[in-house]
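Inside the fold
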Amino acid sequence: KDMGKEIVAVLTDMDQPLGMAVGNNLEVIEAVDVLKGNGPQDVVDLTFELGAWMLVLGKKASNLKDGKKKIKGAIKDGSGLKKFKEMVEYQGGNADFIDNPSLFKQAKYKNIFVTKKNGFISNIDAESIGLAAMRLGAGRTKKEENIDHCAGIILDKKVGEPVKKGGLLAAIYYNDTSKKEAAIKYLEKAFSFCKNRPKIKPLIIEVIEVIS
């Protein structure tokens, strides 16, 4: 405000992963799914919120409601997806992957991770999920390591959802079998459970506006 800048800060809940995909290719596929009018609801909601505020700050929307209407329209008429494909092409990428995500290289191995308890999910530790994905090869602990763009995790549950013993919590994708066990140890620490349905925190906690 002192520098005369217009700023909006959207404070969001990061106590569980956003969306269901964790990992390079998997997250891109999920993002494309949102542009096609699908995707996890929390990713859709945050996309609308952040996109709308960007339009307001860019003087392309009169207010948040108007901005969300424009974002929704760009997804519905396909212009948002079209623009994303143009961005991929301008940077030397192959936009065919956007129309056909099955072109993305697939991991050799897939395993499911199941719950050992009945009840409700009370917490999903985002850091532990991230570290599990890193152990699978989706990230690196030092700059010399290579990133496996196929590796990652697809969550099947969010906080507040009911689970039964033996039910699916997540699927893990990897190419290096030696990394599987280390990833599973992090997944075992990531999920917490309770007997009764927990109170769900809102995705958007607060919006700080500095707009003249």
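Now for a look at the structure at hand. On a predicted model such as this, the values are computed, not experimentally measured, just so you know. (Residues numbered from 1 in each chain as written. Predicted model: local features only at pLDDT ≥ 70, side-chain atom pairs only at ≥ 80, totals over all residues. Heavy atoms only, no water.)

Quick look at helix α1 (residues 24-35)
Which entries qualify depends on this criterion: Labels follow the DSSP assignment, with helices taken as runs of H or I lasting at least four residues and strands as runs of E lasting at least two, numbered in each case from the N terminus. Expected helix span is taken as 1.5 Å per residue step, with the number of steps being one fewer than the number of residues. Exposure categories follow from relative accessible area, calculated using a 1.4 Å probe and restricted to protein chains: below 20% of the type maximum is buried, above 50% is exposed, and the middle band is partly exposed.
With 12 residues, α1 should reach 16 Å at 1.5 Å per residue; the first-to-last C-alpha distance of 17 Å fits that figure. Those residues of α1 that fall on the buried side of the exposure criterion are N25, L26, E30, V32 and V34. Count one or two residues on from α1 and you reach G37, which has phi positive near 95 degrees.

Brief notes about the packing of aromatic side chains
We apply this condition: Centre distance within 6.5 Å is the pairing criterion for rings of Phe, Tyr and Trp, where only the six-membered ring of Trp is used; planes under 30 degrees apart are then read as stacked, over 60 as edge-to-face, and the remainder as tilted.
Counted by the stated rule, this structure contains 3 aromatic pairs. Judged by centre distance (5.5 Å) and plane angle (25 degrees), the ring pair of Y109 and Y174 falls under stacked. Here Y109 is found in strand β3 (residues 109-114), whereas its partner Y174 is found in strand β7 (residues 168-174), with 65 residues between them in sequence. We classify Y109 as partly exposed; its relative accessible area is 36%. For Y174, a relative accessible area of 4% gives the class buried.

So, the sheet that holds strand β5 (residues 152-155)
Under the convention used in this document: Strands are labelled as partners when DSSP assigns at least two bridges between them. Should any heavy atoms of two residues lie within 4.5 Å, those residues are considered in contact. Helix axes are fitted only over the stretch in contact, all axes being lines through C-alpha atoms; the angle between N-to-C directions runs from 0 to 180 degrees.
Across the sheet, which stays open at both edges, the 4 strands sit in the order β2-β5-β7-β3 with antiparallel pairing between neighbours. Because the sheet does not close on itself, it has two edges, and the strands there are β2 (21-22) and β3. Summarising the sheet, β3 and β7 pair through 6 bridges and their orientation is antiparallel. Across the sheet, the residue bridging to K110 is Y173, located in β7. In the packing of helix α6 (residues 126-138) onto the sheet, contacts are made with β2, β5 and β7, and the angle to β5 comes to roughly 140 degrees.

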